[in-house]
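If you want the building blocks of each chain, they are given just below.
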Number of protein chains: 2
Amino acid sequence: MTQRKEGSIFPELDGATLEGSIPKWVYFFGDGEAEGDARMRELLGGKGAGLAEMTNLGIPVPPGFTITTEACIEYYKRGNIYPLRMLDSVKEALEKIEHLMSLKFGNSENPLLLSVRSGSQASMPGMMDTVLNVGLTRKTVKGLAQKTGNERFAQDSYRRFIAMFGSIVMGVPRHLFEEILNRKKVEMGIVHDTDFRVGSLRDLVESFKILVKKETGKNFPDDAHEQLNMAIHAVFSSWNGARAVTYRRLNGIPDSWGTAVNVMAMVFGNMGNTSGTGVAFTRNPNSGEKVFFGECLMDAQGEDVVAGIRTPLPMSALMEEVPEAYEELVRTYKILERHYRDMLDLEFTIQEGKLYMLQTRVGKRTGIAAVRIAIDMVHEGLISEREALLRVSPDQLEQYLYPIFNTKEESKATLLCKGLPAGPGAASGEIVFTSEEAVKRKSSGKRVVLVRQETSPDDIHGMNAAEGFITARGGMTSHAAVVARQMGKVCVVGCEAIEVINRQSIRIGSEVFREGDFISVNGSMGHVYSGSIPVMDSEVIQVIQGKLDPSKSEKHSLFSTLLSWADGKRKLKVRANADVPDQAKIARGFGAEGIGLVRTEHMFFAENRIKIMQSMILARTTEEREEFLAQLLSLQREDFIGLYRVMEGFPVTIRLLDPPLHEFLPKREDLMVEVAHLEFMGTRPTDLEEKRRLLARVEELHEFNPMLGLRGCRLGITMPEITRMQVRAIMEAACQLAKEGKKIVPEIMIPLVGMVSEMKSQKDLVREVAQETMDRYGVTIEYLVGTMIELPRACVTADQIAQEAEFFSFGTNDLTQTTFGFSRDDAAKFIGFYRNNKIMDADPFAMLDREGVGTLIRQGIVGGRETRPGIKLGICGEHGGDPGSIEFFHKVGLDYISCSPYRVAIARLAAAQAAIREEESKS
Amino acid sequence: MTQRKEGSIFPELDGATLEGSIPKWVYFFGDGEAEGDARMRELLGGKGAGLAEMTNLGIPVPPGFTITTEACIEYYKRGNIYPLRMLDSVKEALEKIEHLMSLKFGNSENPLLLSVRSGSQASMPGMMDTVLNVGLTRKTVKGLAQKTGNERFAQDSYRRFIAMFGSIVMGVPRHLFEEILNRKKVEMGIVHDTDFRVGSLRDLVESFKILVKKETGKNFPDDAHEQLNMAIHAVFSSWNGARAVTYRRLNGIPDSWGTAVNVMAMVFGNMGNTSGTGVAFTRNPNSGEKVFFGECLMDAQGEDVVAGIRTPLPMSALMEEVPEAYEELVRTYKILERHYRDMLDLEFTIQEGKLYMLQTRVGKRTGIAAVRIAIDMVHEGLISEREALLRVSPDQLEQYLYPIFNTKEESKATLLCKGLPAGPGAASGEIVFTSEEAVKRKSSGKRVVLVRQETSPDDIHGMNAAEGFITARGGMTSHAAVVARQMGKVCVVGCEAIEVINRQSIRIGSEVFREGDFISVNGSMGHVYSGSIPVMDSEVIQVIQGKLDPSKSEKHSLFSTLLSWADGKRKLKVRANADVPDQAKIARGFGAEGIGLVRTEHMFFAENRIKIMQSMILARTTEEREEFLAQLLSLQREDFIGLYRVMEGFPVTIRLLDPPLHEFLPKREDLMVEVAHLEFMGTRPTDLEEKRRLLARVEELHEFNPMLGLRGCRLGITMPEITRMQVRAIMEAACQLAKEGKKIVPEIMIPLVGMVSEMKSQKDLVREVAQETMDRYGVTIEYLVGTMIELPRACVTADQIAQEAEFFSFGTNDLTQTTFGFSRDDAAKFIGFYRNNKIMDADPFAMLDREGVGTLIRQGIVGGRETRPGIKLGICGEHGGDPGSIEFFHKVGLDYISCSPYRVAIARLAAAQAAIREEESKS
């Protein structure tokens, strides 16, 4: 997606001042010809571009027009007022529709009805508003009845229209309409909407109008043009509605894009049994299998399918009811898929046997499906490997690593019901029935599963908080299913066995469940179980752990095919951050080409070691300290031997001790309280004295801002005996393995260097101890001494530091802290506020800040290469696993990135994508 | 002083490999012609260059030669081995001396004796070694006696030589020689060294040799050439002796300079009553008055004067004893002062009525004298105003601000004794007798006065720790006096009334003083008082406070003359950091051109306000918070009115609330202990509950790294009501005064901005509140909204921030913290270690780090000007008062600096010097 620079639209030319240069606000399509095409997504939105493209392809689309996203932005700029002349263009386009349809908008005899839909550049399923049947008034409803000879249809359309327009455009709560509807059903003794007679529908129309008047103080508008105007306003406004804003924030869509408005002649799927409406995918969006896949409802309008209010039928129903229209649909989907060279999501309506396409767009799919479709399409010759690599987002690839249920445990669990498998994976959690509860429990650390009749865009927050969700109604294309695919959540829809008892309980079969009860969902199978089922590793991870034969896992095969293509494209090497051999093994399994960061301090936190570490810190003399260091030495040596064995032949970057020493000691304030307690309890003086002594030492080490205190190389410089011990352990381990004939490539990394003098001082010490160790073993090891670049000063004096450092590894976590002056431990509260208030787009600790931190990194690279042209450059902060940041690291020309072992595969893909995109932008 | 780049000497040409290109290691002078001259300070050291220059001017100087500083550096490079062929050149030069003097080195009949003195580029008085009478052996001492017909003189020289050589070159503690000497005096019943007979001197010679053998295991060398070699080694080595290293660290002299060695034919001031030696200044080094000023000793050698062992006589003694030599001296000093165009420090020896100049150099002077001499020399037409400005260091100017005794109290105090006024100013403190004790008491916060028989270079640490020092012996040119002038310490020397009783007590007159007793020193008058006398402001400060009529203070007149010249040269404006009207008044008195930083939070720490502030912070709702803010509003408005009145017509930069809120609350750990106590005491539950509630809120605000937490603009953004209150106070105050017809120039400063979005958000709020306030008053105020640039991210994105900010003020304190990753509160411990271990030269919080922080500032300036060419740029960190940093701020082209009120004058001078130096470097 290309991002449009904010405020760059017509910076000088405003329609209000220069009449001649008013932009084109409205694009017409119809009768095999359109003013727009598929390339105009930015301007027309995805939907508008798709309608234009389909029209141009000769596919049956009702005529209509698209109001551009630029008009929307202009509308906001002017304080919610339409841009000049937009309405004139709308009028012109409307006349063309009237002409093509031989109908007249607002005319009592031959009325044209319109649908009004939003449509932005990115798909935001259900987030914004759609109004159907615009143009129905007291007058035109009669005309519609006469013309179609179907008064029931006309009144049904009218009552739908009033409820839809009343709620969306005029703001009357939707459930008030539903309550009237349900009362009427009870009164009439009927179950389905389709069972209403004309009289009841007429009554409903009147009741709905009274409701609107009561709730808004205004009469329901009875003028077609007024309705159209209001509907366009409503679509524009829905861009800044709470739902849409939340969705955009979750999906990183800029607020500045705006939405287009698509106005189209209505066609009716609710004109009886040869009418219908449906949604289809050209391939299975869950598994990726190459089968046409869709759902439809006969005698219904589109919102019935999407909202999941009625559970839809499979496509076979269509084949039976209207075989010719079905064949036309198959022909059409094949043309479209070949044309777009991607799996598509289609919306269509059949009006009295005739097919109309209402929408086409690239279909959302699960990560599992994305990989399969991409690979299949390469094999089908539709797309290239490069395209395939760009089609799978790193997040999608990650779904191959999501846990699944332990098979044995699952087979023993009580199966409650089956539904449609709408979001693959496995989830267990406490049942919640509302989004609020989901968010609440999640924030107190619980795992929850949201259970709903159906979901709506209002639930987006709760869906985000839940591990998975289950709906009683709705199909594979319902709101819940679409969102699940996109968020990568576990989801089962259409579990008709679920019966809502009240707001706090449901019944499934004979069992009653209350909020907080445990439930489990297998989203790949569509199974719902009672209680909690333990999860196990995904197939891919099982293969990597050697627990599953790769030949038995199709998923692993897809996964590794895609990654082998990625390796052919990427330029960045990918390493992992690993502290113990087990992590290193996983990393190798995912294809890591070395370790980019061993945090040696992690090795000291083990229970048997922390005591020695504490004694070392509390030592009063250098001699005493060296005694405890000697104990740590042999432990560390073994650690390194383990890591080296796994990474034989690959570089292993070992960082010397980094954190402030008080991290290894009891907390100061706890000790203070303890001493206060002991004082009061009149305890044995020796105990008290001991605590006081400990407290005194902790006080000595106490710092106001430990992040900016005695840590990193400052430790090794002020206490060289620590560096000496660590280097000895690193080199003894390497020498020992070298004697076994193994190739060991240690890279010793000095942390938190800000001045070349620090680097030199530590490097000299490292070289001295290393040489002495190698002499002792009679072995020569090729090793490097470098530094982590994690301070602004290191970036701006990188030319000097490179005089001593043989490699740089950018420590973007700390660099982000000091560049922004944000403590990672403290900044969360205001970063949240900042993001909600648009001061910041993203958390800089998750996504690299290119403008600030990135600029310093660039300076560091330039400085480093200036002094030492061949200097090895990498990055080992959290950002090493973030695809957006990886793109940056590729662009600035690092040699490698290092991330957590489980991110290695994702990083390989992201690195390939960065390389491909760069090449494409050059050509 | 130009600094030589380390390691740049002969990077490729080493004498060892390329015989043809050996550098010239030795420069000869003598007989009216010298190989060097005054411009060769770097190579020959100050002393060597002065001797060469004097020789060239035809002034009588004993012949000799200088071994270069490059030879010294090469000596260290080779691991304390002389550079190749240096000894050959020494031999050649020695032969020239022998020829000119018609004497022969090591010859028993006609022996030449030599002095061997150190001499680096910078004067390091007494820090390094001097050896006189080199060449005296069993053989030559006889020749000397015969030739001079003065055996007493020969033996006296010999015993001096053995003690000097034995201690300096061979490392025998000096006091062991003195003990032998003192025992001999008691034995012989004599008081002065000059009373020894020949026999006793011979005994001493033998005893000294036995001592040397006993202490070192070696015989005292009896070969002249061996002695010379050893003496040169000793001088080279003394460059890295502890004393010299300490001195250099205190004075910022690079270790890489090295010392030259000056070898000269000995002339003898101890050849009887027509011989003598002395030290003179061409003007008074304490007051600056234009009078020839010196001290001499008849029948003595130079070290007797400098060490202060005998109290010297005034120059009038010389006039009486050797009138012709005296006249020659006066003629010489006038030639030299006119030649060097500066006040000079001269050393001379008169041998049997004939004058020899041994040294000339620019004389050390007090700050008071420096200003007067500079101004006088401008009036005498010797130097230009620019030169005068460069001659006074900012530290020297600061001496005009040092406190003096309260005159009334001083007149009531008990005068103990009078001595020579060697370091002007006033000091009171506890008596200490040793340097160790001085350092110890100083570090526990005490003020001490060091009292000594005489001081030596070993005392440099203690002298630095003391407020002032008093010596019993020594004159105005003694070690104590020289160091006092240079360090700006209060000092009285030559207080003969002081009698040392033992190591813990002294007697002055009838009173006995022990360590820790109080004593007071008036260094301008040379008075020593019993007890502690309250100090009062200096004359200059009294004038500024309006307590003294400027016409009655000559010092104020000198001070302001120099500053008025400075104002004519400088380009930087100088403002002050001031939070209250009194500070602002002082600042104006010192010439501040506005306030560069009002720290509004300082206004909240007053006792009556902190309570309201705490309530504001603890408020649970925005409404509650606004109630307390309203109370603070009226207080702040009055603060600003006070500041504006003082600074009428000048800009006042007001920074919005900056520190983390918990700074205003009780400490978390204290509360935790308090709660623990209350729990144990079984206190009233309500008290406990209240404390717990407070603790809970404090916990909420607690941060791991408050420096990187919720502070600066993050406060104003997350709690806009605080910004609103402050802006209202700022603007209401301005409007109120504007209505009185006053011109008020507020500059509102947003702290800790890292992103332009932060700046924009606060600026919009400021503009809104300001406009609303001005509308309310019906007044228009011209004001600016800008930011403090104090984060690396702000520097690298300054181009963006300048889109919103109308001025930048670099906050170098915080910028130094984040650039280095050093917490100012925590870094002291390792910065000390770093400086001692040469990882760092200077504390970056005191002297701006040009390479790191400076580079970021440059980027900030470039970015800011790129976007907003006329943007106002200043600096308001502590560095604004540091001359070295000011030079940098001038170079990078800031508009103004802002410093503490008492540094304003110093900053004006430093700014002028920076401008002059820059111009000079261009021409």
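Preceding block: the structure.
The sections below set out a description of the structure shown in this document.

Rules behind the numbers
- Residues numbered from 1 in each chain as written.
- Chains lettered and ligands numbered in written order.
- Predicted model: local features only at pLDDT ≥ 70, side-chain atom pairs only at ≥ 80, totals over all residues.
- Heavy atoms only, no water.
- Helix = DSSP H or I, 4+ residues; strand = E, 2+ residues; numbered from the N terminus.
- Rg over C-alpha atoms; globule rule 2.2 N^0.38 Å.
- Contact = heavy atoms within 4.5 Å.
- Areas by Shrake-Rupley, 256 points an atom, 1.4 Å probe, with all protein chains shown as cover.
- Lys, Arg positive; Asp, Glu negative; His and termini not counted.
- Charge placed at Lys NZ, Arg CZ, Asp CG, Glu CD.
- Phe/Tyr/Trp six-rings, centres within 6.5 Å; stacked < 30°, edge-to-face > 60°.
- Buried < 20%, exposed > 50% of the residue type's maximum accessible area, 1.4 Å probe, protein only.
- Lys NZ or Arg CZ within 6 Å of the ring centre and 35° of its normal.
- Expected span 1.5 Å × (residues − 1).
- Buried area = accessible area lost by both parts, 1.4 Å probe.
- Salt bridge = Lys/Arg side-chain N within 4 Å of Asp/Glu carboxyl O.
- Nonpolar A, V, L, I, M, F, W, Y, C, P; charged D, E, K, R; others polar.
- Pairing = 2+ DSSP bridges.
- Arc of directions from axis to C-beta.
- Polar contact = N/O pair within 3.5 Å; in protein donor to acceptor, adjacent residues only side chain to side chain.

## A closer look at the overall build of chain A
When helices and strands are counted, chain A shows 36 helices and 34 strands. In terms of overall size, chain A behaves like a compact globule, its C-alpha atoms giving a radius of gyration of 33 Å where 923 residues would be expected to give roughly 29 Å. Seen through its C-alpha atoms, chain A measures out along the principal axes to roughly 105 × 65 × 55 Å. Long-range pairs, those at least 24 residues apart, make up 69% of the contacts in chain A with a sequence separation of at least 6. Element-wise, carbon and sulfur atoms account for 49% of the exposed surface of chain A, whose accessible area totals about 36,500 Å². Where the 113 positive side-chain charges of chain A centre and where its 125 negative ones centre are 1 Å apart.

## Brief notes about the packing of aromatic side chains
Scanning the model with the defined rule gives 40 aromatic pairs over all chains in all. Here the aromatic rings of Phe-177 of chain B and Phe-208 of chain B are separated by 5.0 Å at their centres, their planes lie at 80 degrees, and the arrangement is edge-to-face. Within this pair, whereas Phe-177 of chain B is found in helix α6 (residues 174-188), its partner Phe-208 of chain B is found in helix α7 (residues 198-216), the two being separated by 31 residues in sequence. Both residues of the pair, Phe-177 of chain B and Phe-208 of chain B, count as buried. Ring pairs connect the aromatic residues Tyr-75, Tyr-76, Tyr-82 and Phe-236 of chain A, which therefore count as one cluster. The ring of Tyr-27 of chain B carries the charged tip of Lys-24 of chain B above its face, separated from the ring centre by 4.9 Å. One residue, Arg-575 of chain B, lies across the ring of Tyr-896 of chain B, its end atom 3.8 Å from the ring centre.

## Details of helix α12 (residues 323-340) of chain A
Residue and element names in this part refer to chain A. If you check α12, its first and last C-alpha atoms are 25 Å apart, about what 18 residues at 1.5 Å a residue would give, namely 26 Å. Inspection of α12 places Ala-325, Tyr-326, Leu-329, Val-330, Thr-332, Tyr-333, Leu-336 and Glu-337 among the buried residues, and these make up the whole buried set. Buried residues belonging to α12 abut α1 (41-56), α11 (315-321), β12 (344-351), β13 (354-362) and α13 (367-379). Among the residues trailing α12, Arg-341 stands out with phi positive, at a value near 50 degrees.

## Thoughts on the interface of chain A and chain B
One widely used convention gives an interface's size as the accessible area the parts lose upon coming together. Taken together, the contact between chain A and chain B spans 55 residues of the former and 55 residues of the latter. For the pair chain A and chain B, the two sides together bury roughly 4,900 Å², of which 63% comes from carbon and sulfur. If you look at where chain A meets chain B, you find six salt bridges. Of the charged contacts in the structure, one is a salt bridge between Arg-793 of chain B and Glu-851 of chain A, with a shortest N-O distance of 3.7 Å. Among the elements of the structure, α25 (668-681), α26 (685-701), α27 (713-718), α29 (756-777), α30 (792-796), α32 (812-820), α33 (828-836) and α34 (850-867) of chain A are those that each provide at least two residues to the side of chain A that touches chain B. Ranked by the residues each element gives to the side of chain A that touches chain B, the list is headed by α25 of chain A, at 10 residues. Here the side of chain A that touches chain B is composed, by residue class, of 25 nonpolar, 16 polar and 14 charged.

## Observations concerning the pairing of strand β28 (residues 595-599) of chain A
Along any regular strand the residues' side chains alternate between the sheet's two faces. Residues and elements named next belong to chain A. Of all five residues making up β28, five are buried, and the element is well covered by its neighbours. The pairing of strand β27 (residues 573-577) with β28 spans two bridges and is parallel. The residue of β28 that forms the bridge with Asn-577 is Leu-597. Bridge count for β28 against strand β29 (residues 651-655) is three bridges, and the pairing is parallel. Residue pairing in the sheet places Ile-595 in a bridge with Val-652 of β29.

## Re helix α3 (residues 86-101) of chain B
All names here are of chain B. In this model α3 runs 23 Å from its N-terminal to its C-terminal C-alpha over 16 residues, within 8% of the 22 Å that 1.5 Å per residue would give. Turning to α3, its buried residues number three or more, namely Met-86, Val-90, Ala-93, Leu-94, Ile-97 and Glu-98. Take α3 and look down its axis: the buried residues cluster within an arc of 150 degrees, on one side only. Of the residues in α3, the exposed ones pointing more than 90 degrees away from the buried face are Lys-91, Glu-92 and His-99. A positive phi of about 55 degrees marks Ser-102, the residue just after α3.

## Points about the environment of Thr-819 of chain A
As for its placement among the helices and strands, Thr-819 of chain A is situated in helix α32. Spatially, the C-alpha atom of Thr-819 of chain A lies 7.7 Å from that of Leu-791 of chain A, the residues being 28 residues apart in sequence. In this structure Thr-819 of chain A touches Pro-792, Gly-852, Val-853 and Leu-856 of chain A together with Leu-791, Pro-792 and Arg-793 of chain B, once residues within four positions along its chain are discounted. Side-chain polar atoms of Thr-819 of chain A contact the backbone oxygen of Leu-815 of chain A, separated by 2.5 Å.

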